[in-house]
Amino acid sequence: MENTFKSFIKNLTDHELSIFIGYQYPGLLSYSKDLIKNEIASRNLSREKINSLMKCRLTYDKVVKYCERCGSNKFIVDSDIEHHRS
């Protein structure tokens with residue numbers, strides 16, 4: 001799953017990545033959060049830039065399937081879970 005997720009975030013535009021971070025980051029597993037942090041660093045995205053991009057909804061012409069929340073047409077199915085011992 002890591003390679004699929006890594007490929008997914010690398011293929012997102014800065015705008016799409018910012019929106020993904022805004023909605024999905026808190027629920028990600030620790031290794032996924034590390035991949036996101038590395039991607040942010042490699043793109044030199046500041047917190048201000050991410051916040052600015054996150055406020056703007058994406059729009060696409062003639063796209064059949066898109067996210068109603070942000071407007072993106074890129075999706076990933078993630079079924080990874082983290083187990084904690086009690």
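Scroll up to find the structure.
Residues numbered from 1 in each chain as written. Predicted model: local features only at pLDDT ≥ 70, side-chain atom pairs only at ≥ 80, totals over all residues. Heavy atoms only, no water.

Things to note about the nonpolar core
Core analysis: the largest hydrophobic core is formed by 13 residues, its most contacted members being Phe 5, Ile 9, Leu 17, Phe 20 and Ile 36. Where this core is concerned, the elements lending two or more residues are α1 (2-10), α2 (14-24) and α3 (30-43). Setting aside its immediate chain neighbours within four residues, Ile 36 contacts Phe 5, Ile 9, Leu 17, Phe 20, Ile 21, Tyr 25 and Leu 28. (Core = buried A, V, L, I, M, F, W, Y, C linked by side-chain atoms within 4.5 Å. Buried < 20%, exposed > 50% of the residue type's maximum accessible area, 1.4 Å probe, protein only. Helix = DSSP H or I, 4+ residues; strand = E, 2+ residues; numbered from the N terminus. Contact = heavy atoms within 4.5 Å.)

Section: α3
Here α3 spans 20 Å end to end across 14 residues, near enough to the 20 Å set by a 1.5 Å rise per residue. Regarding α3, the residues found buried are Ser 32, Leu 35, Ile 36, Glu 39, Ile 40 and Arg 43. The arc that holds the buried residues of α3, viewed along the axis, is 135°, so those residues lie on one side. Facing away from the buried side of α3 by over 90 degrees, the exposed positions are Asn 38, Ala 41 and Ser 42. Trailing α3 by a residue or two, Asn 44 shows a phi angle of about 55°, which is positive. (Expected span 1.5 Å × (residues − 1). Arc of directions from axis to C-beta.)

Re the packing of α2 against α3
At their nearest, the axes of α2 and α3 sit 12 Å apart, and the two run at 145° to each other. Remark: the crossing between α2 and α3 carries left-handed chirality. Contact with α2, carried on its side by Asp 14, Leu 17, Phe 20 and Ile 21, involves Ile 36, Glu 39, Ile 40 and Arg 43 of α3 and no other residues of that element. Split into classes, the residues belonging to the contact of α2 with α3 amount to five nonpolar, no polar and three charged. (Axes fitted to C-alpha atoms, helices over the stretch in contact; angles between N-to-C directions. Left-handed = near helix turned anticlockwise from the far one by under 90°. Nonpolar A, V, L, I, M, F, W, Y, C, P; charged D, E, K, R; others polar.)

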